[in-house]
Amino acid sequence: DQQVKQNSPSLSVQEGRISILNCDYTNSMFDYFLWYKKYPAEGPTFLISISSIKDKNEDGRFTVFLNKSAKHLSLHIVPSQPGDSAVYFCAARVQGAQKLVFGQGTRLTINP
Amino acid sequence: DAGVTQSPTHLIKTRGQHVTLRCSPISGHKSVSWYQQVLGQGPQFIFQYYEKEERGRGNFPDRFSARQFPNYSSELNVNALLLGDSALYLCASSTGSNSNQPQHFGDGTRLSIL
């Protein structure tokens, strides 16, 4: 039962353009959503989060959008830079708990 | 400031053995969670501890156990190791039990079972 899904295993984007990573979820009890970036041989690094009471959160080049009716989350990176090449995980938290449920990850490659 | 630290970084064990993994949270963080990540998948929740009490448990067998100490550091124990336990074990810390604060991860312990 995959409650959080990232349907694109990989994405390739040209440097300077926008990267859009997508995530779908099924559990209506999720109340907090996060994006993490992971380099090889390192742990996931927190990027940005959004509460279920909001539909957008921005931090520098990173913006997360939440569409609750569609149960869809997206991360926009503008402009994309070579250092953004990594695996990106979306995660969701069930209301009242600290447990995070992760998607399978999307490998983003930024081409010069 | 030091982030979440985990030890050891790598470990090789054989089937049937037991293992203890250690985690020190970010200073001031009272909540520690453990996750297992197998290749090609996202991390899967194992345990969460807050103020030395277990607050959540994932769908893992009783061979997996954990505890949190008064200084908020934590240990994950796995008994009777199986080949399928080979994975990256991640520890994450956060400020509180149910606050809208992100969990911050260590670099993990890579466990290989032969």
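Residues numbered from 1 in each chain as written. Chains lettered and ligands numbered in written order. Predicted model: local features only at pLDDT ≥ 70, side-chain atom pairs only at ≥ 80, totals over all residues. Heavy atoms only, no water.

Engineer: Tell me about the pattern of salt bridges, and name the residues and values.
Structural biologist: Residues and elements named next belong to chain B. One pass over the full model with this rule turns up nine salt bridges over all chains. Glu51 is the partner of Lys30 in a salt bridge, and the nearest nitrogen-oxygen pair spans 3.5 Å. Of the two residues, Lys30 sits in the loop between strand 3 (19-24) and strand 4 (31-37) while Glu51 sits in the loop between strand 5 (44-50) and strand 6 (53-57), which places them 21 residues apart along the sequence. Since its relative accessible area comes to 28%, Glu51 is described here as partly exposed. Arg57 is the salt-bridge partner of Glu54, the closest N and O atoms lying 3.4 Å from each other. Looking at Glu54, the relative accessible area reads 37%, which means it is partly exposed. (Salt bridge = Lys/Arg side-chain N within 4 Å of Asp/Glu carboxyl O. Helix = DSSP H or I, 4+ residues; strand = E, 2+ residues; numbered from the N terminus. Buried < 20%, exposed > 50% of the residue type's maximum accessible area, 1.4 Å probe, protein only.)

Engineer: So what's going on with the interface of chain B and chain A? Residues and values would help.
Structural biologist: You'll often see interface size given as the accessible area lost when the parts meet. Facing the 24 residues of chain B at the interface are 20 residues of chain A. Between chain B and chain A, the buried area comes to about 1,600 Å², and carbon and sulfur atoms account for 54% of it. Counting every contact that joins chain B to chain A gives zero salt bridges. In this assembly, chain B and chain A are joined by six residue pairs in polar contact (both at pLDDT 80 or more). Looking at the side of chain B that touches chain A, the elements with two or more residues in it are strand 4, strand 5, strand 9 (87-94) and strand 10 (104-105) of chain B. (Contact = heavy atoms within 4.5 Å. Buried area = accessible area lost by both parts, 1.4 Å probe. Polar contact = N/O pair within 3.5 Å; in protein donor to acceptor, adjacent residues only side chain to side chain.)

Engineer: Account for the environment of A:Leu11, with residues named and values stated.
Structural biologist: All names here are of chain A. With respect to the secondary-structure elements, Leu11 resides in strand 2 (residues 10-14). Taking C-alpha positions, Leu11 is 16 Å from Asp24, a pair spaced 13 residues apart along the chain. The contacts of Leu11, once residues within four sequence positions are left out, are Ile20, Leu21, Thr106, Arg107, Leu108 and Thr109.

Engineer: Go over the environment of B:Gly40, please, and point to the residues and values.
Structural biologist: Its place among the elements puts B:Gly40 in the loop between strand 4 and strand 5. When the C-alpha atoms of B:Gly40 and B:Ser74 are compared, they prove to be 26 Å apart, with 34 residues separating the residues in sequence.

Interpretation in functional terms is not warranted from these geometric data alone.
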